[in-house]
Amino acid sequence: MHILVCGGAGYVGAHAALALSRAGHAVTVLDNLATGHRAAVRWGPLVQADLLQPDTLDAAFQRPVDAVMHFCARSLVGESVRAPYAYYENNVVGTLHLLQAMARRGVDRLVFSSTAAIFGNPLSALIDEDHRQAPINPYGASKLMVERILADAAQAYGLRSVCLRYFNAAGAAPDENIGESHQPETHLIPNVLRAALGTGPALKLFGDDYDTVDGTCVRDYVHVLDLADAHLRALELMQRQPGAHAFNLGNGQGFSVLQVLQAARAVTGRDIGYQQAGRRAGDPAVLVAASDKARNVLGWQPRHPGLEEIIDSAWRWHQAPAY
Ligand code: UDP
């Protein structure tokens, strides 16, 4: 198949493009390079276009597209609290433009990057697909709006879609020279590793008074290559079944910020220090996935579930990042 990977110059998108290419699919990447990296586009041509400028999208559909994977988004919880208009514009309006461009060309398959942030504060230890959806920040709200649009589009236009709700994407494919590189970097594992290398500032620990095992926030870190694999399986599901589908993707095990720090010390052999800082706006205390549905329906089985293995791949990338 020929897959249009929107946001394929970004972190998860580049790993998905790699997985698609390995599986024998042709890839075209659409990216505005606002946060993506030209050097991460290695598995097909780059069309530099912007979802907020619909006229620029034509070039991405020159060659007939069988399905779209949509990774373009602003994705920082704290920033979304401070700049909600930018989040709704990019994540909702931009996606509408993409959906309209697809509809005009009869492209009826979409895999959408969604997030654990659509659930808000969890009511249970593990979050499954039936959990209440009540985002507590504009980022999560913007993604939930798109999920709703996709459900409506399935009814109205027969659009086939799969929403993949990532918990905390982490790790890298250092042997393929792709990994996580944000400017500024806000994510925990890259910040821990950059502090270890001295290529970033000292680590700040955002909040130690949450109701968790050690007071720091608990997250479910999932290897980006396992997320990429779920996208291939989502494509297969859309071949078999119409409708709008959604899956929660995580390893089902939560680690606190301090536990991640401890694991990073073990992986790097370095004594990484940190500074206490206040809570970061919009952060729920605990987010851990129940991914039974992905296992049962998609046949998804994470191949790199161990926290140290995930951190080790990120560590190898961060020691010599290609971009
Ligand atoms: N965090 C932290 N210091 C950092 C970055 C993140 O203490 O420099 C915490 C953050 O408050 C959250 C967890 O680590 O509880 C994971 O944050 P990240 O930004 O990686 O992912 P998110 O859960 O926001 O998607």
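Residues numbered from 1 in each chain as written. Predicted model: local features only at pLDDT ≥ 70, side-chain atom pairs only at ≥ 80, totals over all residues. Heavy atoms only, no water.

Participant: Please provide a residue-by-residue account of the side chain of glutamate 185, values included.
Facilitator: If you trace the backbone, glutamate 185 turns up in the loop between strand 7 (168-170) and helix 5 (188-197). From its side chain, glutamate 185 meets the backbone nitrogen of histidine 182 in a polar contact 3.1 Å long. Among the polar contacts made by the side chain of glutamate 185, one reaches the main-chain amide nitrogen of histidine 187 at a distance of 3.1 Å. Non-local contacts of glutamate 185, meaning those with residues more than four positions away in its chain, are made with Glu180, Pro190, Asn191 and Arg194. (Helix = DSSP H or I, 4+ residues; strand = E, 2+ residues; numbered from the N terminus. Polar contact = N/O pair within 3.5 Å; in protein donor to acceptor, adjacent residues only side chain to side chain. Contact = heavy atoms within 4.5 Å.)

Participant: Please set out the nonpolar core residue by residue, giving values where relevant.
Facilitator: Within the largest apolar cluster, 44 residues are counted, with the highest numbers of intra-cluster contacts made by Leu20, Leu164, Ile178, Phe247 and Leu249. When contributions to this core are tallied by element, the ones reaching two or more residues are strand 1 (2-6), helix 1 (11-22), strand 2 (26-31), strand 4 (67-70), strand 6 (160-166), helix 6 (224-240), strand 11 (244-249) and helix 8 (292-298). Per-element tally for this core: the top contributor is helix 6, with nine residues. Once you skip the residues sitting within four places of it in the chain, isoleucine 178 turns out to touch Ala14, His15, Leu18, Ala40, Arg42, Trp43, Ala172, Ala173, Trp317 and Tyr323. (Core = buried A, V, L, I, M, F, W, Y, C linked by side-chain atoms within 4.5 Å. Buried < 20%, exposed > 50% of the residue type's maximum accessible area, 1.4 Å probe, protein only.)

Participant: If you had to explain helix 7 (residues 257-268) to someone new, which residues and values would you point to?
Facilitator: Over its 12 residues, helix 7 runs 16 Å from end to end, which matches the ideal 16 Å to within 8%, given 1.5 Å per residue. Where helix 7 is concerned, the buried positions are Val257, Val260, Leu261, Ala263, Ala264, Val267 and Thr268. Angularly, the buried residues of helix 7 cover 165 degrees about the axis, an arc narrow enough to put them on a single face. At its buried positions, helix 7 is contacted by helix 5, strand 8 (203-206), strand 10 (221-223), strand 12 (255-256), strand 13 (274-277) and helix 9 (307-319). Of the residues one or two after helix 7, glycine 269 is the one with positive phi, at around 70 degrees. (Expected span 1.5 Å × (residues − 1). Arc of directions from axis to C-beta.)

Participant: Requested: an account of the site of the ligand, with residues and values cited.
Facilitator: By nearness alone, 15 residues border the ligand, and Leu188, Lys204, Arg219, Arg280 and Asp283 come closest of all. Contact distances for the ligand include 2.8 Å between an oxygen atom and a side-chain N or O atom of arginine 219. Coverage of the ligand by the protein amounts to 90% of the 520 Å² it exposes when considered alone. Secondary structure elements with two or more residues in the shell around the ligand: helix 5 and strand 8. By residue number, the principal contributor to the shell around the ligand is strand 8, which donates four residues. Class assignment for the residues of the shell around the ligand results in seven nonpolar, four polar and four charged. (Near = heavy atom within 4 Å. Areas by Shrake-Rupley, 256 points an atom, 1.4 Å probe, with all protein chains shown as cover. Nonpolar A, V, L, I, M, F, W, Y, C, P; charged D, E, K, R; others polar.)

Participant: I'd like to hear about the sheet that holds strand 3 (residues 46-48), residue by residue, with values.
Facilitator: One open sheet holds the seven strands; their spatial order is 3-2-1-4-5-6-11, and the pairing between them is parallel. The strands lining the two open edges of the sheet, one partner per strand, are strand 3 and strand 11. Looking at each pair of strands side by side, their axes are set apart by 20 degrees on average, direction ignored. Here strand 2 runs beside strand 3; their pairing, made up of three bridges, is parallel. Bridge pairing in strand 3 places valine 29 opposite leucine 46. Relative to strand 5 (residues 109-115), helix 3 (residues 84-104) is tilted by about 170 degrees, and along the sheet it contacts strand 1, strand 4 and strand 5. (Pairing = 2+ DSSP bridges. Axes fitted to C-alpha atoms, helices over the stretch in contact; angles between N-to-C directions.)

Participant: Could you give an account of the pattern of salt bridges, naming the residues involved and the relevant values?
Facilitator: Summed over all chains, the structure comprises 15 salt bridges. As a salt-bridge pair, arginine 303 and aspartate 229 come within 3.3 Å of each other at their nearest N and O atoms. A residue pair is termed long-range when its members are at least 10 positions apart, and arginine 303 in the loop between helix 8 and helix 9 and aspartate 229 in helix 6 qualify at 74 residues. Residue classification places aspartate 229 among the buried residues on the basis of a relative accessible area of 8%. (Salt bridge = Lys/Arg side-chain N within 4 Å of Asp/Glu carboxyl O.)

Read these as geometric descriptors, not functional statements.
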